[in-house]
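Letter by letter, the chains look like this.
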Amino acid sequence: MGKNGDNKLIGVSRLRTVFAVMLLFASTVCLSYEGQILFNGNEIYYEVEEADGEFIVIVGDGPGLDSSYMKGIFDHGKSLRYNQLGSGMSQNLSSLDITFQYYISELAALIYSLDIESFHLIGHGFGGAVAVGLALTNPPGLLSLVIVNPRLNYPAIDSALFEARTQESTKELDKFELLFGNSSESESESSIAKNSINMETYNLFWGNDSSFINGKLRGFDLSCGLADINVPVLVCTGLKSFPGVIHTMTYQVGALESEFVTFINSGHFPMTEETTAFKLIVEDFHRRVEQTVESNREDEACFDILSETPGERIFRLQDSQRTLDMQVGEDFTVMLPSNPGAGYFWSVESFDEDVLRLISDPFYEEPKEAGSGYDIFGFRVVGSGSSPLIFSFGSSWDVVPIKSCSMLVQVEEHFVEPLIIHASDSGKTFIVGLNEPIEVVLESTVSSSLSWRIVLTSPEIVRQPKESESRVFEDSSGLAKKIEQVYYFEGMNYGEATLEFAYGSPWDDVPPEKIFEATLIVTEPFKEVSIVQDSDNGRAIEIGPHHTLIIKLKKALAIDSGWKISSLDPKFQLIEDPHEAEYLEVSYSVFHLRPTEFGESFLEFYYSEDAAYDQPVGTFKIKIQTNETVDRSRVPLQ
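Being a predicted model, the structure only gives us computed values, none of them experimental.

> Is there a simple way to explain the sheet that holds strand E3 (residues 55-59) in this structure?
The pairing of strands in a sheet happens through backbone hydrogen bonds and is either parallel or antiparallel. A sheet is described by the order of its strands in space; here eight strands give the open sequence E1-E2-E4-E3-E5-E6-E7-E8, paired in mixed fashion. With partners counted over all chains shown, the strands left at the sheet margins are strand E1 (32-39) and strand E8 (258-263), one partner each. Averaged over all pairs of adjacent strands, the angle between strand axes in this sheet comes to 20°, irrespective of strand direction. Bridge count for strand E6 (residues 142-148) against strand E7 (residues 233-238) is four bridges, and the pairing is parallel.

> Hey, could you run me through the pattern of salt bridges in this one?
Opposite charge on two side chains makes pairing possible when the charged atoms of those side chains draw close. Applying the stated criterion across every chain yields a total of 22 salt bridges. For Lys555, the salt bridge identified is with Glu580, shortest N-O distance 3.6 Å. Residue Lys555 is found in the loop between strand E29 (548-554) and strand E30 (562-567), and its partner Glu580 is found in strand E32 (residues 579-583); the two are separated by 25 residues along the sequence. Under the relative-accessibility criterion, Glu580 is labelled partly exposed at 45%.

> Help me understand the nonpolar core, please; the structure alone is not making it clear to me.
In globular proteins that are soluble, nonpolar side chains generally tend to be buried together. Core analysis: the largest hydrophobic core is formed by 100 residues, its most contacted members being Leu107, Leu121, Leu145, Phe332, Val334 and Phe391. In terms of residues, this core owes the most to one element, helix H2 (residues 100-113), which gives ten residues. Setting aside its immediate chain neighbours within four residues, Phe391 contacts Val334, Leu336, Trp346, Ser347, Val348, Glu349, Phe377, Phe379, Ser404 and Cys405. One finds Val432, Val440, Phe489 and Tyr503 within the second-largest nonpolar core, a separate group that totals 23 residues.

> When you look at the side chain of Asp569 in this model, what are you seeing that I'm missing?
Within the secondary structure, Asp569 is located in the loop between E30 and strand E31 (572-574). Despite its burial, Asp569 pairs with no opposite charge, the nearest such side chain being Lys571 at 4.1 Å. A polar contact is formed between the side chain of Asp569 and the backbone nitrogen of Lys571, at a distance of 2.8 Å. Setting aside residues up to four positions removed in sequence, Asp569 forms contacts with Glu600, Ser601, Phe602 and Leu603.

> How do you make sense of the pairing of strand E34 (residues 599-608) when you look at a structure like this?
The side chains of a regular strand alternate, first on one face of the sheet and then on the other. In terms of burial, E34 is largely enclosed, as seven of its ten residues are buried. Relative to E34, E30 is paired through five bridges, and the arrangement is antiparallel. Bridge pairing links Trp563 to Tyr607 in E34. Where E34 and strand E35 (residues 616-626) come together, ten bridges link them in antiparallel fashion. Opposite Gly599, over in E35, you have Thr626 as the bridge partner.

> What is the right way to look at helix H7 (residues 245-254) in this model?
Three or four residues apart is the spacing at which side chains of an α-helix point the same way, because the helix has 3.6 residues per turn. Within the sequence span of H7, burial applies to Val245, His247, Thr248 and Tyr251. Seen from one end, H7 has its buried residues packed into an arc of 165°, which puts them on one side. Projecting away from the buried face of H7 at angles above 90 degrees are the exposed residues Ile246 and Val253. Elements in contact with the buried residues of H7: helix H4 (154-166), E7 and E8.

> How do you make sense of the sheet that holds E30 when you look at a structure like this?
In spatial order, the strands read E28-E35-E34-E30; together these four strands make up an open sheet with mixed pairing. Because the sheet does not close on itself, it has two edges, and the strands there are strand E28 (540-543) and E30. With direction set aside, neighbouring strand axes in the sheet form an average angle of 35°.

> Please explain the confidence of the model for the chain as it appears in this structure.
Detailed conclusions should not be drawn from predicted coordinates in areas where pLDDT is low. Predicted confidence across the chain gives a mean pLDDT of 82, with 84% of residues reaching 70 or more. Taken element by element, the chain is modelled with least confidence in helix H1 (residues 3-29), mean pLDDT 43, and with most confidence in E3, mean pLDDT 97. Taken as a whole, residues 299-311 scores under 50 in pLDDT and shows 31 contacts with residues more than four places along the chain or in a different chain. For residues 630-638, every residue scores under 50 in pLDDT, and the model assigns this stretch 20 contacts once sequence neighbours within four places are set aside.

> Honestly, the environment of Thr237 in this entry has me stumped. Any pointers?
By the element assignment, Thr237 lies in strand E7. For Thr237, a relative accessible area of 0% gives the class buried. In this structure, the C-alpha to C-alpha distance between Thr237 and Gly267, residues 30 residues apart in sequence, is 7.8 Å. Contact partners of Thr237, with chain neighbours within four places excluded, come to Asn149, Val245, Thr248, Phe260, Val261, Thr262 and Phe263.

> I'm lost on unusual backbone geometry in this one. Help?
Excluding glycine, residues mostly have negative phi values, and the peptide bonds linking residues are mostly trans. Of the consecutive residues Gly62 and Pro63, the connecting peptide bond is found in the cis state with omega at 0°. Position of Pro63 relative to the elements: it lies in the loop between E3 and strand E4 (78-82). At the junction of Phe242 and Pro243, the peptide bond is cis and its omega measures out at 10° in the coordinates. We note that Asp115 has phi near 55°; this positive angle belongs to a residue other than glycine.

> Hey, could you run me through the side chain of Glu500 in this one?
Take Glu500: it is sitting in strand E25 (residues 495-504). In this structure, Glu500 is buried with no salt-bridge partner, the nearest side chain bearing the opposite charge being Arg453 at 8.9 Å. Every residue in contact with Glu500, bar those within four places of it in the chain, is listed here: Arg453, Ile454, Val455, Leu456, Ile515, Phe516 and Glu517.

> For this particular structure, what's the right way to read the packing of aromatic side chains?
Aromatic rings in a pair are described by how distant their centres are and how their planes are angled relative to each other. Throughout the structure, instances matching the rule amount to 32 aromatic pairs. When the centroid spacing of 5.0 Å and the interplanar angle of 40° are considered together, the rings of Trp346 and Phe393 count as tilted. A residue pair is termed long-range when its members are at least 10 positions apart, and Trp346 in strand E12 (residues 345-350) and Phe393 in strand E16 (residues 385-394) qualify at 47 residues. Overall, the relative accessible area of 5% leaves Trp346 in the buried class. A relative accessible area of 1% places Phe393 in the buried class. Here the aromatic cluster, defined as three or more aromatic residues joined through ring pairs, consists of Phe39, Phe100, Tyr102, Tyr103, Phe126, Tyr154, Phe176, Phe180, Tyr202, Phe205, Trp206 and Phe220.

> Could you clarify how one ought to interpret the environment of Pro337 in this entry?
Along the polypeptide, Pro337 turns up in strand E11 (residues 331-338). Owing to a relative accessible area of 23%, Pro337 belongs among the partly exposed residues under this scheme. Pro337 sits 196 residues away from Gly141 along the chain, and the two C-alpha atoms are 9.3 Å apart. Contacts of Pro337, omitting those with residues within four sequence positions, involve Pro140, Leu317, Trp346, Gly373, Tyr374 and Phe393.

Definitions and cut-offs
Residues numbered from 1 in each chain as written. Predicted model: local features only at pLDDT ≥ 70, side-chain atom pairs only at ≥ 80, totals over all residues. Heavy atoms only, no water. Pairing = 2+ DSSP bridges. Helix = DSSP H or I, 4+ residues; strand = E, 2+ residues; numbered from the N terminus. Axes fitted to C-alpha atoms, helices over the stretch in contact; angles between N-to-C directions. Salt bridge = Lys/Arg side-chain N within 4 Å of Asp/Glu carboxyl O. Buried < 20%, exposed > 50% of the residue type's maximum accessible area, 1.4 Å probe, protein only. Core = buried A, V, L, I, M, F, W, Y, C linked by side-chain atoms within 4.5 Å. Contact = heavy atoms within 4.5 Å. Lys, Arg positive; Asp, Glu negative; His and termini not counted. Polar contact = N/O pair within 3.5 Å; in protein donor to acceptor, adjacent residues only side chain to side chain. Arc of directions from axis to C-beta. pLDDT = per-residue confidence, 0-100. Phe/Tyr/Trp six-rings, centres within 6.5 Å; stacked < 30°, edge-to-face > 60°.

Right, dumping it as structure tokens:
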């Protein structure tokens, strides 16, 4: 064959290769898979259409409508569709009483179960209300919100239905056809929803009356919450949709960072009536959002709430499976992305109390601008050894948590000589730290049946790590010459504890021959920097003369609001002017102080919302004890 023939064969071969590659590529990027998650005893069906890009979580209309009409709309991201309980393949197997809040929690469970870290959210019709409900909880990872012909203000929709009933041209009002009608269909054709909706679920929420809302949605209004959504919002409507463009436009006005698009040739289903235009507009919106997120992405170090405050270590979800090397007396914080508004939160499953202590009740922190919140746990290392630290994430109705986070805290060996208290120390006060060993040694007479016994302790402050024991000391002939009764204690919580022992007969009901008393004060360890925050209101804290006290109190974002000092004890001085600082988009008033004298001091702050009027609306008080040395005992002043 000639040269031209060879070239033709080569060209055909290349075309076949290109075609094969194209087929392979198409099969790779267009793969879809389906599955189910178990939620509250029900199996929720979902389907994912694979493509490059962020997840696009789609909440279909309804309730009761199969989500398949949204299949194949997008190809610029991983589209996740699912059937809400009572629609499609997601049936109510548990006979659960479905509520609107249930649908929000169901959507959150799907996102968490599939471990989706970042996503765009799209809600259509009633699904727009579910999507807004989830967005209002600031779910971690939410990038943007698109709502298409959203049903948010149901009293307004009821009013529109009433107006439609009063029109002469609408003699036979059909609520269902108005809600789900296509602009392209003839009056005799059924809407897209007619053959794929579970009417039992639909009637449960919309009601079975053909002319007004008489189900669970009656009187429900979610439109006022749009101003609290912290991500960009795109509102879409079809020109011929019910109850109309003007109604839907009010939602765009309510949202802070929003855009509005009208599809001229569409009714309620622009994604099927103008598929190409719908895809291009939403795709462009997503692309611009992602570019903004990428350009505003902060350095990892700036993610710490206390990154500028020395003495604090912070660990997050990405630190799971890590070994944390710590020292006794060190504090650390665990921040885990949470979503309590949707019913999901983190809890501590287990840790070794001989190694770690929770130093404050867990609390939820929700930065105003960050778009998500955190469950925050504060710990202090109180003993040597290793402790698994395990957290679980789920809701109150989950038997098995959706996810977990575990760390191993490794603390180097830390030996502290026990504080030994003798009978001659009766009446004294001793200062100890958490987990510091304490031995109370009291002598008993060898030749009598009298002995010591515990009369009073403070079990909420100190505990007995092991049983008491008797030590017998013998002379050279082997006879007992002295008996010591030893009692073991250690501090388990901060505060003051009383120890009281009585010496006498354990059998006879007579007054004891003598009494021993001692007071234990379990204090926090000294630090170069002591950090005080909102949860410390009303507490007493002990510091040393060379320590810096940082007081950081949360404030509103308003410029004129903030905390001010109402009384500065002369035993303290400000080492720099009070200022405002932001940690993870949370605004604080910050005060740096240092003690000038020993003794007890009281610091008080007040909160003002307006600098012009300076009227206090809140107070913060704290007592500070400044000591020269960490003396382990002291005699009370007379």
